Amino acid sequence: MVRQLRAEATRSAALRAAADLFLRVGHATATLSQVSAESGVTKGALYFHFASKEELARALVDEGRERVTAACSGMVDSRSPALESVIGITYSVLDLANTDNLVRIMYRLQLEVDAPDPSRGSVFGTWQNIFSHLFERAIEHGDVIDSLDAETASCLVSEMLSGVLMVAEGTARLDGAAVRMEQVWHTILPSLVPPAKLPYFREFASRSLSSFVRRTEDARAEADAHS
């Protein structure tokens, strides 16, 4: 048991160091020797868990995907309107990308690492499955327009979320992604919900943005306190 816990701690330390290093210098430039040095994990122990840099990168993708999937699944609440869950998940995904380097590097590596093997699940497919289920519920409860197709709507929101993340990464402004997300929701909600429900869901998207901003400020204050 002690040996297993030690092995898990070693693996976690290597993944954290690799995420930080890949973000800083890029996956192509980073080496396993650098990961070993920055994590404090010996090369022998590192190679025991990851036989190559590609295997390490794939482990980062898998771990990041698991964290995102857990966060998204945790926000699917049958007691809340399904469209609230859809909106909340988009902000939660941005929050994770902004605060968790392992999740952030997962997005950068997702296509590069998994492209040769389409049989592996992707975080984008996870979003679509969850959103599709939620939109089916929203249709059933009358929170969206009658003509809405759940698959089409889930694809739209997944691609919208992917686009906001891509722009945030490309401009190095992840902290501003939630503001763009709120603007996008403000724009597309009229095509999703009946006019009578539009003010409520727009207001919900704005409240979700306020919560995101507060969490970001709290995280920065905590980081400053420990620096």
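Predicted model only: the values in this text are computed from it and were never measured.

With that settled, the discussion passes to helix 9 (residues 177–188). With twelve residues, helix 9 extends 16 Å from end C-alpha to end C-alpha; this agrees with the ideal 16 Å at 1.5 Å per step. Every buried residue of helix 9 is accounted for by Ala-177, Ala-178, Met-181, Glu-182, Trp-185 and Ile-188. Seen end-on, helix 9 carries its buried residues on one side only, within an arc spanning 140°.

With that settled, the discussion passes to the pattern of salt bridges. With the rule as written, the count across this model stands at six salt bridges. The partner of Asp-62 in a salt bridge is Arg-65, with the nearest N and O atoms 3.3 Å apart. Taken together, the residues span about one helical turn, with Asp-62 and Arg-65 both in helix 4 (residues 53–74) at a distance of three residues. Note that Asp-100 and Arg-67 form a salt bridge whose closest N and O atoms lie 2.7 Å from each other. In this pair, Asp-100 sits in the loop between helix 5 (82–99) and helix 6 (101–114) while Arg-67 sits in helix 4, placing the two residues 33 residues apart along the sequence.

The subject of this paragraph is the environment of Pro-195. In this fold, Pro-195 is placed in the loop between helix 9 and helix 10 (198–225). A relative accessible area of 71% places Pro-195 in the exposed class. With 50 residues separating them in the primary sequence, Pro-195 and Ile-145 have C-alpha atoms 9.0 Å apart.

Let us now look at the packing of aromatic side chains. The final tally for this structure, using the stated rule, is three aromatic pairs. Arranged with centres 6.0 Å apart and planes meeting at 45°, the rings of Tyr-107 and Trp-127 form a pair that is tilted. Of this pair, Tyr-107 sits in helix 6 while Trp-127 sits in helix 7 (residues 123–141), placing them 20 residues apart in sequence. Residue Trp-127 is classed as buried on the basis of its relative accessible area, which comes to 1%. Ring geometry for Tyr-200 versus Phe-201: centroids 5.1 Å apart, planes at 80°, classification edge-to-face. Classification of Phe-201 by relative accessible area gives buried; the value is 2%. Of the aromatic side chains, those joined through ring pairs into one cluster are Tyr-107, Phe-124 and Trp-127.

Next up on the list: the layout of surface pockets. Taken as a whole, the second largest pocket spans an internal volume of roughly 190 Å³. Lining the second largest pocket are 13 residues, with Met-75, Glu-84, Gly-88, Phe-204 and Ser-208 positioned closest to its centre. Secondary structure elements with two or more residues in the lining of the second largest pocket: helix 5 and helix 10. In terms of residue class, the lining of the second largest pocket is built from three nonpolar, six polar and four charged.

Calculation criteria
- Residues numbered from 1 in each chain as written.
- Predicted model: local features only at pLDDT ≥ 70, side-chain atom pairs only at ≥ 80, totals over all residues.
- Heavy atoms only, no water.
- Helix = DSSP H or I, 4+ residues; strand = E, 2+ residues; numbered from the N terminus.
- Expected span 1.5 Å × (residues − 1).
- Buried < 20%, exposed > 50% of the residue type's maximum accessible area, 1.4 Å probe, protein only.
- Arc of directions from axis to C-beta.
- Salt bridge = Lys/Arg side-chain N within 4 Å of Asp/Glu carboxyl O.
- Phe/Tyr/Trp six-rings, centres within 6.5 Å; stacked < 30°, edge-to-face > 60°.
- 1 Å grid on protein atoms, 1.4 Å probe; cavity = no way out; pocket = protein on both sides within 12 Å on 5 of 7 lines; lining within 4 Å.
- Points joined across faces, edges and corners; volume = space filled by probe spheres on them.
- Nonpolar A, V, L, I, M, F, W, Y, C, P; charged D, E, K, R; others polar.

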